[in-house]
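# Survey of secondary and tertiary structure
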Amino acid sequence: MANEDVQKTLAELSRDLQESKARLEEAQRVAHVGHWEWDLETNVVIWSDETYRIFGLSPQERPMDLATVRAMVHPEDRESLYRGVDEDLLAGVRPDAEFRIVRPNGEVRTVYSVTPKRWSSVPGDAKRDASGRPHKLFGTVQDITERKRAEEALKQSQFYLSEGQRLAHMGSWASNDLGIRWSDDLGIYWSDEVYKIHGLDPQNGAPNLKQYLATIHPDDRASMAETIRVMHEQRCGCDVTKRIVRPDGEVRYIRCVGVPVFEGGVFKAFHGTTMDVTEHELLTQELRRERAYLTEAQSLTHTGSWACNLLTREIFHSSDENARLYGFDPSQSAIPFDRFYNAILAEDELALRARLENAIREGADYDVEFRIRRADGAIRFLRGIGHHNPSQEIGEYVGITMDITERKRAEEEREKLRQLEADLAHINRVNMMGELAAALAHEIRQPIAASITSANACLRWLARDPPDLERARAAAARIEQDGNRAADVINHLRSFYKKGTPPEREIVDLNDIIREMTALLRKEAVRHSIKIYSELREDMPNVLADHVQLQQVFMNLMLNAIEAMKDAGGKLTISSRLTPEGQLVVSISDTGVGLPTENTERIFDAFHTTKPQGTGMGLAITRSIVEAHGGRLWATANQEAGATFHFTLAAKAEADA
């Protein structure tokens, strides 16, 4: 019976042992933790089944010894691992180690081996050699590959986050609460970049509320304190831009964004970001200033800017001044394209549409003028300039619109003035002819009337029977006398008009007359893009002449020069010189169409003209006036372009002689 009880007890113990071993193996398998035993004298190594699996082997696949285990350690970790174990054993320290292994299939894994305080696997077995080195070691080994990878991934993520914050000048922060007393600790976490932004040392830790507010610019401090108070009381977020003053005195613009975090409706913390937006803020301020300058400039010059697609009629940009030009209120919502376009007068819309369609079709720029009618009925002249970038969509234009109403009205006034000046010049010319005709009629009326009377008497004397020839002869003589008298009058007036010296002549400065006429005709020249140059000799002697008639000479010749260049612009040059013979020579040169190729002298003939509305009397009268003053007028062709008209006048001393 005793033997049977012993056998039964042994069987139960064996069964319990097997069950315990099985549970241990299962626990190791589940936890990925194996155990090992190393006999330091024989270098025999005993592994649990899970240890085999960790090393990539089947449980109990092969017997283990130190050499086999050493061969499975990663070559780069092998020497340091066993040198460290030896050093720990000599120092009496448990040899814990983290190292890599290479499984038979080439896979690299990271394991962590721990030796417990009881080195021997047998309780109470603490035999050591003379140096104090134990004979056996027992420990565990755990596969920590996934944990290491997770740690590496976390480190990499933290590095990327830190580097990203550094590059973006944006740090992160978190706080369990925001205190409202000056001495309150904010309980806050700051990333390294937040410390850098504020110019603070992370070693000193995050500041309390008073210290934090001390970093805020004095002008922004009160508003920031109020923001913190509202966040604390209402558990709400914030998005504020403020200035801080770094310890070195540098002022920076900081944008702080914070949001409350709730779990199950319960407030947990504040999370947020801090970003250095100094450069952005300074650029924004500069942009605002430039925009204000541009807006003011547009207002002063009545010029608006815009960007739109003329095909889709979509407006991308329209400045305030652009709206005001059309009489719209800029503060209203976006003004549609059709509202701008419908303001154009119907008389101008057809031609304008054709110009725009042609520009869109050719992808070209355009420059147009048109009229609009504002809501108050006012008519305004506008000029639109559009630029198309080839890289843009078809129909996309950027441009400007200018109010040219005042310019148009000024042009109309200048045109009226020019017409008046032209009419005045024409009237002066006609008046000269009228005065000549009136003088001629007045002077010859009496001799003609006397001739008629004498002719009637002659007829009566001849009608007698017999005819009274003596008296008829006397009447005929009177007719001849009166006819000669009329002829003398005509010759006298012709001499006065062409070569005579009328009594109203006076001493005049020719250069002064040239300056007067240049000033009078300069606007007309500018209107046709013509520049007037004077090359006058300052020591020119005075002349004895009719001041008004010389003005008429210069007006005729200068107007003719302007007329010859009005289509293409050019250069009008007036020069004066003195010949060795003492005569004054004046030249008026242009760069216009030039002289006729044949019969150049015909241009001085009366009623010969090359102008559609010319009378043909201008040059004829001009030559007559010059010749009446004892001078000569002629024309020459320029070498490059245009013609030059020359005339001479006698100096005062020569005229007196």
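Preceding this section is the structure that the text describes.
We now turn to the structure provided with this report. None of these values were measured; they are calculated from a predicted model.

Our focus in this paragraph is the overall build of the protein chain. Helix and strand counts for the protein chain stand at 18 helices and 23 strands. For the protein chain, the residues scored as buried account for 37% of the 657 residues in total. Within the protein chain, residue pairs in contact and separated by at least 24 positions form 54% of the contacts whose partners lie at least 6 positions apart.

Moving on, we get to helix H4 (residues 75–91). Between its first and last C-alpha, H4 extends 25 Å over 17 residues, near the 24 Å set by a 1.5 Å rise per residue. Of all the positions in H4, only Asp77, Leu81, Tyr82, Val85 and Leu89 are classed as buried. Take H4 and look down its axis: the buried residues cluster within an arc of 120°, on one side only. Exposed and facing more than 90 degrees away from the buried side of H4 are Glu76, Glu79, Leu90 and Ala91.

Here we take up the sheet that holds strand S5 (residues 108–114). On the basis of which strands lie adjacent, the open sheet formed by six strands has the order S3-S2-S1-S6-S5-S4 and antiparallel pairing. Both edges of this open sheet fall to strand S3 (64–65) and strand S4 (97–102), since each of them pairs with a single strand only. Here two bridges tie strand S2 (residues 44–47) to S3, and the two strands are oriented antiparallel to one another. Bridged to Val45 within S3 is Met64. Packing against the sheet, H4 makes contact with strand S1 (33–39), S4 and strand S6 (136–143), and its axis sits at approximately 145° to S4.

Attention now moves to the packing of aromatic side chains. Any aromatic ring pair is given by two values, namely how distant the centres are and how the planes are angled relative to each other. Scanning the entire structure with this criterion turns up twelve aromatic pairs. Centroid distance Phe262 to Phe267: 5.7 Å. Interplanar angle 70°. Geometry classified as edge-to-face. Exposure remark for Phe267: the relative accessible area of 17% places this residue in the buried category. Aromatic side chains Phe554 and Phe647 sit 5.5 Å apart centroid to centroid with 70° between the ring planes, which places their arrangement in the edge-to-face category. In this pair, Phe554 sits in helix H16 (residues 547–565) while Phe647 sits in strand S23 (residues 643–650), placing the two residues 93 residues apart along the sequence. Here Phe554 matches Phe647 in class, with each residue buried. Grouped by ring-pair contacts, the aromatic residues Trp47, Tyr52 and Phe55 constitute a single cluster. Positioned above the aromatic ring of Tyr341, the side-chain terminus of Arg313 is 5.0 Å from the ring centre.

All right, on to the environment of Phe328 then. Residue position: Phe328 is located in the loop between helix H10 (320–325) and helix H11 (337–341). Owing to a relative accessible area of 11%, Phe328 belongs among the buried residues under this scheme. Through-space distance from the C-alpha of Phe328 to that of Arg374 is 8.3 Å; in sequence the pair is 46 residues apart. Ignoring anything within four residues of it in the chain, the contact list for Phe328 reads Ala323, Ile335, Arg339 and Phe340.

Next up on the list: the nonpolar core. Core analysis: the biggest nonpolar cluster contains 41 residues, and Phe554, Leu572, Phe645 and Phe647 have the highest contact counts within it. No other element matches the nine residues that H16 contributes to this core. When neighbours within four sequence positions are excluded, Phe645 is seen to be in contact with Leu557, Val586, Ser587, Ile588, Leu595, Ile603, Phe604, Leu619, Trp634 and Ala635.

With antiparallel pairing, five strands are arranged side by side in an open sheet as S13-S12-S16-S15-S14. Looking at which strands have only one partner, the edges of the open sheet turn out to be strand S13 (314–318) and strand S14 (366–373). When the angles between neighbouring strand axes are averaged without regard to direction, this sheet yields 30°. Across six bridges, strand S15 (residues 379–387) lies against strand S16 (residues 396–403) in antiparallel orientation. Residue pairing in the sheet places Gly386 in a bridge with Gly399 of S16. This element, helix H12 (residues 346–362), spans S14 and S16 of the sheet and lies at about 155° to S14.

This next bit is on the pairing of strand S11 (residues 266–276). Looking down a regular strand, the side chains alternate between one sheet face and the other. With six bridges connecting them, strand S7 (residues 170–175) and S11 associate as antiparallel partners. Counted as the bridge partner of Ser175 is Phe270 from S11. One ladder, built from ten bridges, connects strand S10 (residues 251–263) with S11; its direction is antiparallel. Among the inter-strand pairings, Arg255 is bridged to a residue of S11, identified as Met275. As consecutive antiparallel partners, S10 and S11 are separated by two residues, and within that stretch Gly264 has a phi angle of approximately 60°, a positive value.

Bringing unusual backbone geometry into the picture now. Following Asp465, the chain continues to Pro466 via a peptide bond in cis, the omega torsion being 0°. Its place among the elements puts Pro466 in the loop between helix H13 (405–463) and helix H14 (469–498). Despite not being glycine, Asn43 shows a phi value in the positive range, around 60°. In this structure, Ser529 takes a positive phi of about 60° despite not being glycine. Exposure remark for Ser529: the relative accessible area of 56% places this residue in the exposed category.

The rules behind each value
- Residues numbered from 1 in each chain as written.
- Predicted model: local features only at pLDDT ≥ 70, side-chain atom pairs only at ≥ 80, totals over all residues.
- Heavy atoms only, no water.
- Helix = DSSP H or I, 4+ residues; strand = E, 2+ residues; numbered from the N terminus.
- Buried < 20%, exposed > 50% of the residue type's maximum accessible area, 1.4 Å probe, protein only.
- Contact = heavy atoms within 4.5 Å.
- Expected span 1.5 Å × (residues − 1).
- Arc of directions from axis to C-beta.
- Pairing = 2+ DSSP bridges.
- Axes fitted to C-alpha atoms, helices over the stretch in contact; angles between N-to-C directions.
- Phe/Tyr/Trp six-rings, centres within 6.5 Å; stacked < 30°, edge-to-face > 60°.
- Lys NZ or Arg CZ within 6 Å of the ring centre and 35° of its normal.
- Core = buried A, V, L, I, M, F, W, Y, C linked by side-chain atoms within 4.5 Å.

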